[in-house]
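# Inside the fold
Single-letter residue listing:
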Amino acid sequence: MSRIYLDYAATTPLRPAAKAALMAALEVFGNPSSVHQHGQAARALLDDARRTVADALAVRAERVVFTSGGTEANNLALRGVMGKAPGQTLLISALEHDCVRQTALALQAAGVAVEEIPATAAGVADLAWLAQRLAQGGVALVSLMHANNETGVLQPIAEAAALAHAHGALLHTDAVQTVGHLAVEPDALGVDLLTFTAHKFGGPKGVGALVLKSEIAMLATQTGGAQERNRRGGTENLPSIAGLAAALQAALGNLAAETQAAQQLADDLEQHLPATVALVAPHSPKVPHVRQLLTPGRKGEDMVLKLDIGGVAVSQGSACSSGRVQASHVLQAMGYDATQAGEGLRLSWGWNSQPTDVQAALALL
């Protein structure tokens, strides 16, 4: 049976350019911190990859910190900033991925004041609440994702950043679902810290990055050597970093065509949904490659299994959470009750998807 993969928001197939770069970098075995010629060759490859990423995001190369993925990058952003802001408050949205939510909870347990920005029924952070809370003072950092990983809804990042800056706070955005899918520039968005991971746009797993303004004081959460300008100790994962850079370059080099194709799949899905299936946040702006559905009267996990048996891979929501049977915190933040929040179904596609993929999913639905 030919299988169809519609879970790109969880992870994506490896792009040929990324695989080639990764395999080539495996032959460059030197340590980038060594001064001999083997180390210099590795350093040159690392510097090239950093410049490629920096150019893609329109920032200076020294602002790019390579990490082991989105989770570590988000940990570094939140822990790094709050570690330099004793007595101040961290605000996160109710829509955040678990790697932000759980990090905030861990910081709260360690004595950091943490508050949650509520969401509206449209699936966006409540900016009126945010403005009111910021006006009260004492906030060091606001964390608001660029696009939600379950619903695909784009968040008002530029507006939130302007509010944060007006009250002396920094703005971090988890851009895992937008980098490589949209033209993303941290400075154009007005953000201070931005995080992403390679395997969401055709790169290898286990590598990501934090992009931050150079003047931000950070507490290093992984200590050791002086790598990444003393912001993240440890020998760099050079093959994966090379794969990340190649994947990002390939994604942005074909961005217009891939975005158009992804939007066409979204339009096909929305226009041909069965009457018994509803689209979440139908009127909210979204990324072109992620849509969440509600299947009233049917548990999302049951639908995932039935579709899988039929040859179509989808998910309930975040891959980091869907292994556990639980209602979506994102849908609950939007006002759905626990039963409804357990009836979600996420479909997502990407660089290697075909026009017939969504049609097959619709037939099974």
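Residues numbered from 1 in each chain as written. Predicted model: local features only at pLDDT ≥ 70, side-chain atom pairs only at ≥ 80, totals over all residues. Heavy atoms only, no water.

### Observations concerning the sheet that holds strand β4 (residues 113-117)
- Strand order in this open sheet of seven strands is β2-β8-β7-β6-β5-β3-β4, and the pairing throughout is mixed. Since the sheet does not close on itself, it has two edges, and those belong to β2 (64-67) and β4, each with one partner. Pairwise comparison of adjacent strand axes, ignoring direction, gives a mean angle of 20 degrees for this sheet.
- Direction of pairing for strand β3 (residues 89-93) relative to strand β5 (residues 139-143): parallel, over a ladder of four bridges. By the bridge assignment for β5, leucine 90 is matched with leucine 141.
- Along the sheet, helix α2 (residues 37-57) makes contact with β2, β7 (193-197) and β8 (208-212), crossing β2 at roughly 115 degrees.
- Across the sheet, helix α4 (residues 98-109) is in contact with β3, β4, β5 and β6 (170-174); its angle to β3 comes to roughly 155 degrees. (Pairing = 2+ DSSP bridges. Helix = DSSP H or I, 4+ residues; strand = E, 2+ residues; numbered from the N terminus. Axes fitted to C-alpha atoms, helices over the stretch in contact; angles between N-to-C directions. Contact = heavy atoms within 4.5 Å.)

### Describing the sheet that holds strand β9 (residues 278-279)
- Sheet architecture is open: three strands sit in the order β9-β10-β12, paired in antiparallel fashion. Each edge of the sheet is formed by a strand with only one pairing partner; in this case those strands are β9 and β12 (344-348).
- Where strand β10 (residues 290-294) and β12 come together, five bridges link them in antiparallel fashion. Considered in β12, the bridge of valine 290 is made with serine 348.
- The strands touched by helix α10 (residues 255-271) within the sheet are β9, β10 and β12, with β10 carrying the most contacts at an inclination of about 15 degrees.

### Some remarks on the packing of aromatic side chains
- In this structure the tally under the stated criterion is two aromatic pairs.
- Each ring, one from phenylalanine 196 and one from phenylalanine 201, has its centre 6.2 Å from the other, and the planes form 40 degrees; the classification is tilted.
- Residue classification places phenylalanine 201 among the buried positions, given a relative accessible area of 1%. (Phe/Tyr/Trp six-rings, centres within 6.5 Å; stacked < 30°, edge-to-face > 60°. Buried < 20%, exposed > 50% of the residue type's maximum accessible area, 1.4 Å probe, protein only.)

### Concerning the nonpolar core
- If you look at the biggest cluster of nonpolar residues, it comprises 42 residues, and the most contacted ones within it are Val53, Val142, Val179 and Phe196.
- Of all elements in the fold, only α2, β2, α5 (127-135), β5, α6 (157-166), β7, β8 and α9 (238-253) reach the threshold of two or more residues within this core.
- Valine 53 has contacts with Val64, Phe66, Phe196, Leu244, Ala245 and Leu248, leaving out every residue within four places of it along the chain.
- The next biggest cluster of nonpolar side chains, apart from the first, holds 23 residues, and it includes Leu78, Leu107, Val114 and Leu212. (Core = buried A, V, L, I, M, F, W, Y, C linked by side-chain atoms within 4.5 Å.)

### Section: the pairing of β4
- With five bridges connecting them, β3 and β4 associate as parallel partners. The residue of β4 that forms the bridge with leucine 90 is valine 114.
- In this region the chain leaves β3, passes through α4 and returns to the parallel neighbour β4; the handedness of that crossover is right-handed. (Right-handed = clockwise from strand over helix to strand, strands pointing away.)

### Considerations on the side chain of glutamine 316
- For glutamine 316, the position within the fold is in the loop between β11 (312-313) and α12 (329-333).
- Take glutamine 316: its relative accessible area is 15%, and that puts it in the buried class.
- Filtering out sequence-adjacent residues up to four positions away, glutamine 316 remains in contact with Gln292, Gly300, Glu301, Val304, Gly342, Gly344, Leu345 and Arg346.

### A few points about the environment of alanine 122
- As for its position among the elements, alanine 122 is in the loop between β4 and α5.
- Residue alanine 122 is classed as partly exposed on the basis of its relative accessible area of 32%.
- Between the alpha carbons of alanine 122 and alanine 247 there is a distance of 32 Å; along the sequence they are 125 residues apart.
- For alanine 122, the residues in contact, after removing those within four places along its chain, are Val153, Ala281, Ser284 and Met334.

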